[in-house]
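Read off the chains here:
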Amino acid sequence: MKNPARITQMDVARLAGVSQATVSAALAGGRDVVAAETMERIDAAIAELGYRPNRFAQALRTQRSMTIACVVPDLANPFYPSLFLGAQAVAEAADFDVVAVNSGGQRAREMAVVQAACEGRYDGVVGVFFSLGARDFTGMVEAGVPLVRIEASRKRGGPLAIDDLYVDNYAAARSLVEGLIAQGHRRIAMVAGRGGPETVRVMGYRRALEAAGVEAQIWEDSDFSDEGGRRAARRFVAAGARATAVFAANDLMAIGVMQELAAAGLNVPRDISVVGFDDIHAAGLVTPGLTTVSLHQDKMGRRAAEMLLERITGKASGPARIEECAYHLRERGSTGPARQDVND
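Residues numbered from 1 in each chain as written. Predicted model: local features only at pLDDT ≥ 70, side-chain atom pairs only at ≥ 80, totals over all residues. Heavy atoms only, no water.

A. Region of interest: the overall build of the protein chain. Along its length, the protein chain carries 13 helices and 12 strands. Expressed as lengths along the three principal axes of its C-alpha atoms, the size of the protein chain is roughly 80 × 40 × 30 Å. Taken across its 344 residues, the protein chain has 48% of its residues classed as buried. Partitioning the intrachain contacts of the protein chain with sequence separation of at least 6 by distance along the chain shows that 69% fall at a separation of at least 24. A total of about 15,800 Å² of accessible surface is found on the protein chain, and carbon and sulfur atoms cover 50% of it. In the protein chain, which carries 39 positive and 41 negative side-chain charges, the distance between the mean positions of the two groups comes to 2 Å. (Helix = DSSP H or I, 4+ residues; strand = E, 2+ residues; numbered from the N terminus. Buried < 20%, exposed > 50% of the residue type's maximum accessible area, 1.4 Å probe, protein only. Contact = heavy atoms within 4.5 Å. Areas by Shrake-Rupley, 256 points an atom, 1.4 Å probe, with all protein chains shown as cover. Lys, Arg positive; Asp, Glu negative; His and termini not counted. Charge placed at Lys NZ, Arg CZ, Asp CG, Glu CD.)

Okay, here's the thing in structure tokens:
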């Protein structure tokens, strides 16, 4: 058998009993115009021969880099690798490589990706941008490089063909806090960071408390990690704050809060309930399990990549598209009824 690297589209065509042009069309994303039975024969021939497309030749032929950039603010946060892997699975199935860019939420790093896309290094960009607004992408989009942003709230749309995929973080946070109120909690603290999706999550927290006539108490830290949660909880405990529940703006901070409360001799959830946001894998591993909001980040990554490829291949065109993704509340053991002696 030939070396897989030397197997050509013509070899695949001969085995499948079709023309080389048909194989080329199928591999270029023309599955919608190739008959299903023909596509099955092509797929079988590819599998039998171990055919691997020549990426350099593809790039020359299509004038594409066959590479997509996926921008995330913090690869150390378990939320983002899941999102990236979802996007990668879809992109690689379409023969595109995916480059992960860890921006740290910094404007300079985010703008570097935009510049690289303008220079032809990426055929499309998908990701979470903390520092750039729609105007910053004007040159890139006008140069024909599509963009899909993953957002924490619905955007208004605009003249640029920038597609947005979002989860309503405000509604999710409000629902989570309303669940605590329904359990009898009237003293609910929030541990939050600064910037990013935290803003709309804080807003959801505030509105839920306002509707119930309950006063807000927010403890901030600049770090969105478990250490940031521990620091905020340490200040919370040292100040003698009275609360029966804590809402942390993400799961890492919530886990840090739980650790610090345990160090202070408080039992979760008997003495105080804790909830988080994101439903990272660790949320189900801590003891007790963390009640949180699941955003289905893998599905978000997959859909974002699908939207991007639709633009790249010409299946989608025209004005900006805005799609909402579902969320759901995942109840675990870190919440329970409020201690009435604290609320009194």
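Next comes the rest of the description.
B. Region of interest: the packing of aromatic side chains. Here the structure, examined in full by the defined rule, presents five aromatic pairs. Both rings, one in Tyr 205 and one in Phe 247, keep their centres 6.4 Å apart while their planes meet at 50°; by these two values the pair is tilted. Of the two residues, Tyr 205 is situated in helix α9 (residues 198-212) and Phe 247 in strand β8 (residues 245-248); the sequence distance between them amounts to 42 residues. Here Tyr 205 and Phe 247 have matching classes, each one buried. Ring-pair connections join several aromatic residues into one group, and the members of that group are Tyr 205, Phe 247 and Phe 277. (Phe/Tyr/Trp six-rings, centres within 6.5 Å; stacked < 30°, edge-to-face > 60°.)

C. Up close: the nonpolar core. Counting 69 residues, the largest nonpolar core has Ile 68, Val 126, Val 177, Ile 188, Phe 236, Phe 247 and Val 274 as the members making the most contacts within it. Val 126 has contacts with Ile 68, Ala 69, Cys 70, Val 71, Val 148, Ile 150, Ala 304 and Leu 308, leaving out every residue within four places of it along the chain. Residues Ala 69, Ala 116, Met 140 and Val 145 belong to the second largest nonpolar core, which totals 18 residues. (Core = buried A, V, L, I, M, F, W, Y, C linked by side-chain atoms within 4.5 Å.)

D. Summary view of the pattern of salt bridges. For the coordinates displayed, the defined rule picks out 28 salt bridges. Between Arg 14 and Asp 11 there is a salt bridge, with the nearest N and O atoms lying 3.2 Å from each other. In this pair, Arg 14 and Asp 11 both sit in helix α1 (residues 9-16), three residues apart, roughly one turn of the helix. Residue class for Asp 11 comes out buried when judged on its relative accessible area of 15%. Among the ionic pairs, Asp 136 bridges to Arg 107, the shortest N-O distance being 2.8 Å. One end of the pair, Asp 136, is in the loop between β3 (124-127) and α7 (138-142); the other, Arg 107, is in helix α6 (residues 107-118), with 29 residues separating them in the sequence. Given a relative accessible area of 42%, Arg 107 falls into the partly exposed group. One network of salt bridges, with partners in common, ties together Asp 163, Arg 303, Glu 306, Glu 310, Arg 311, Arg 321 and Glu 323. (Salt bridge = Lys/Arg side-chain N within 4 Å of Asp/Glu carboxyl O.)

E. Just the pairing of strand β5 (residues 163-166), in detail. Both faces of β5 are covered, namely the face carrying Asp 163 and Leu 165 and the face carrying Asp 164 and Tyr 166. Of the strand pairs in this sheet, strand β4 (residues 147-151) and β5 are connected by four bridges, and their pairing is parallel. Looking at β5, one finds that Val 148 is bridged to Asp 163. (Pairing = 2+ DSSP bridges.)

F. Molecular detail of the sheet that holds β8. Read from one edge to the other, the open sheet built from four strands follows the order β7-β6-β8-β9, with strand pairing classed as parallel. Each edge of the sheet is formed by a strand with only one pairing partner; in this case those strands are β7 (217-220) and β9 (273-275). Neighbouring strand axes in the sheet, compared pairwise and without regard to direction, differ in orientation by 20° on average. Here β8 pairs with β9 via three bridges, running parallel. Each residue of the ladder has a partner; that of Phe 247, found in β9, is Val 275. Against the sheet, helix α8 (residues 169-182) makes contact with β6 (188-192), β8 and β9, and its axis sits at roughly 170° relative to β8, the strand it touches most. (Axes fitted to C-alpha atoms, helices over the stretch in contact; angles between N-to-C directions.)

G. View of helix α5 (residues 79-93). With 15 residues, α5 extends 22 Å from end C-alpha to end C-alpha; this agrees with the ideal 21 Å at 1.5 Å per step. Of the surrounding secondary structure, the elements contacted by the buried residues of α5 are β1 (67-72), β2 (97-102), β4 and α12 (297-312). Downstream of α5 by a residue or two, Asp 95 has a phi angle that is positive, lying close to 70°. (Expected span 1.5 Å × (residues − 1).)

H. A look at unusual backbone geometry. Of the consecutive residues Val 268 and Pro 269, the connecting peptide bond is found in the cis state with omega at 10°. Here the bond from Thr 287 into Pro 288 is cis, since omega is -5°, no more than 30 degrees from zero. Of note, Met 66 is a non-glycine position whose phi angle comes to about 60°, a positive value. Look at Asp 278: it is not a glycine, yet its phi comes out positive at around 125°. Here Asp 278 is to be found in the loop between β9 and β10 (292-294). Accessibility expressed as a relative area gives 5% for Asp 278, which makes it buried.

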